[in-house]
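Overview (structure and organization)
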Amino acid sequence: MTDDGTLTLPDDWSEVRFERDTFGPDDREGLQVAFRRDDTFVDVLPAQYERESGTETVGALTEDWTGGRSDPGVPLTDVPAVTAFATRLTYTPFDSERQEIVCVAADAGDALAVGLWLAAAAEDARDLHRHVNRHAGLGSPTGPALSDDEILTACFAEEPIQCVYLATDADDHRIELPYRYAPLLSAARRTPAGVPRFPSTVQRLAGVVSREAWEKHDLGSVDLDAPLERDGPGEYQLPDPVADAVAGTDAESYALVRLGDEE
């Protein structure tokens, strides 16, 4: 992703599906998207997500498919069934095909951003596998490594207390920011390969803003929930008013709200 919030699929990938719709029993607005390069697919999959005793289940809402993960690396609370959007990879790094979920997000645009970050970083299926392992904290040639979940848990605040602009205590205004803006934040975490780190599940980023900063940046006029814009197949853009308003704010002043966290 470029500094101006542009996300572009590399030339050797193609967008083979893009659909805006509502999904699930709660009619959640979102996307169903698929990218392809040879026999590698990256999907944004509308799904029913739930987690019990550390085991996650992801049931597709638009196809007959169910997947899951176990013990994603950090203690996570149980989550009753909820409509969400999963970033699913289907690829063949070695002799057999692999299919796995790398992120589940409340906002489809966040799941799409994760898919684009990975597609842009991976040279081929084996390289994609190396990136997936790196995000999971596996396969380090120099010994044990931390997963994105562990690194982001240490990065973000337990509770949003400091103004994301001024890094001083504030409680005048609370903001909620889609995770897709994380790479624009000051001190945003990336892998050694430069790929934005992302959590295994995400609801949003939560922050607070002082009255002074709120007025200076005219945040009352900015729709932080504005959907990801599609300029054409494989070409996406974070809305300029939001990107301009949050770029450079302090990543460590935000709290990471995961699926299942108390509101």
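All of the points below concern the structure found in this document. The structure displayed is predicted, hence computed values, not measured ones. Every chain is numbered on its own, with residues counted from 1 as its sequence reads. Predicted model: local features are reported for residues with pLDDT of at least 70 only, side-chain atom pairs are reported and counted for 80 or more only, and whole-chain, interface and lining totals are derived from all residues. Hydrogens and water are ignored here; the side-chain numbers use all heavy atoms of the structure.

**Some details on the overall build of the protein chain**
Along the backbone of the protein chain there are 5 helices and 14 strands. With the C-alpha coordinates of the protein chain rotated into their principal frame, the extents come out at 55 × 40 × 40 Å. For every residue, the accessible area obtained with a 1.4 Å probe (protein chains only) is divided by the maximum for its type, and the residue is called buried under 20%, exposed over 50%, and partly exposed between those limits. Residues classed as buried in the protein chain amount to 51% of the 263 residues present. Taking contacts inside the protein chain between residues at least 6 apart in sequence as the whole, the part at least 24 apart equals 68%. Surface accessibility follows the Shrake-Rupley procedure with a 1.4 Å probe radius. Residue values consider only the protein chains on display as shielding. Only carbon and sulfur atoms are counted for the fraction: they give 44% of the accessible area of the protein chain, which is about 12400 Å². We score Asp and Glu as negative and Lys and Arg as positive, and we do not count His or the chain ends. Working definition for charges: the position is that of NZ of Lys, CZ of Arg, CG of Asp or CD of Glu. Where the 22 positive side-chain charges of the protein chain centre and where its 52 negative ones centre are 4 Å apart. Put simply, DSSP H or I for four residues or longer makes a helix, DSSP E for two residues or longer makes a strand, and each gets a number counted from the N terminus. When checking whether two residues touch, look at their non-hydrogen atoms; a contact exists if any pair is within 4.5 Å.

**Let's talk about helix 2 (residues 125-136)**
For helix 2, spanning 12 residues, the distance from its first C-alpha to its last is 17 Å, which sits close to the expected 16 Å at 1.5 Å a residue. Those residues of helix 2 lying buried are Ala-125, Asp-127, Leu-128, His-129, His-131, Val-132 and His-135. Where helix 2 is buried, its residues touch strand 3 (28-37), strand 4 (40-52), strand 7 (79-91), strand 8 (98-105), helix 1 (108-121) and helix 3 (148-155). Phi turns positive, to about 80°, at Gly-137, one or two residues after helix 2. The span expected for a helix works out to 1.5 Å for each residue beyond the first.

**A few points about the environment of His-173**
Tracing the chain through its elements places His-173 in strand 9 (residues 173-177). The class of His-173 is partly exposed, set by a relative accessible area of 26%. Considered as a pair, His-173 and Tyr-236 are 63 residues apart in the sequence and their alpha carbons are 29 Å apart. What His-173 contacts, discounting residues up to four positions off in sequence, is Gly-207, Val-208, Val-209, Ser-210, Arg-211 and Trp-214.

**A short note on the packing of aromatic side chains**
Aromatic contacts are taken between Phe, Tyr and Trp rings whose centres are within 6.5 Å, Trp giving its six-membered ring; a plane angle under 30 degrees counts as stacked, one over 60 as edge-to-face, and the others as tilted. One pass over the full model with this rule turns up 5 aromatic pairs. Taking 6.0 Å as the distance between ring centres and 80° as the angle between the ring planes, the aromatic pair formed by Phe-23 and Phe-85 counts as edge-to-face. One end of the pair, Phe-23, is in strand 2 (residues 14-23); the other, Phe-85, is in strand 7, with 62 residues separating them in the sequence. When sorted by exposure, Phe-23 lands in the same class as Phe-85, which is buried. An aromatic cluster is defined as three or more aromatic residues linked by ring pairs; in this entry it consists of Phe-18, Phe-35 and Tyr-236. A ring is scored as having a charge over it whenever the NZ atom of a lysine or the CZ atom of an arginine sits within 6 Å of its centre and within 35 degrees of its normal. Here Arg-88 stacks its cationic end above the ring of Trp-65, 4.8 Å away from the centre of that ring. Looking at Arg-230, its charged tip hangs above the ring of Phe-18, at a distance of 4.6 Å from the centre.

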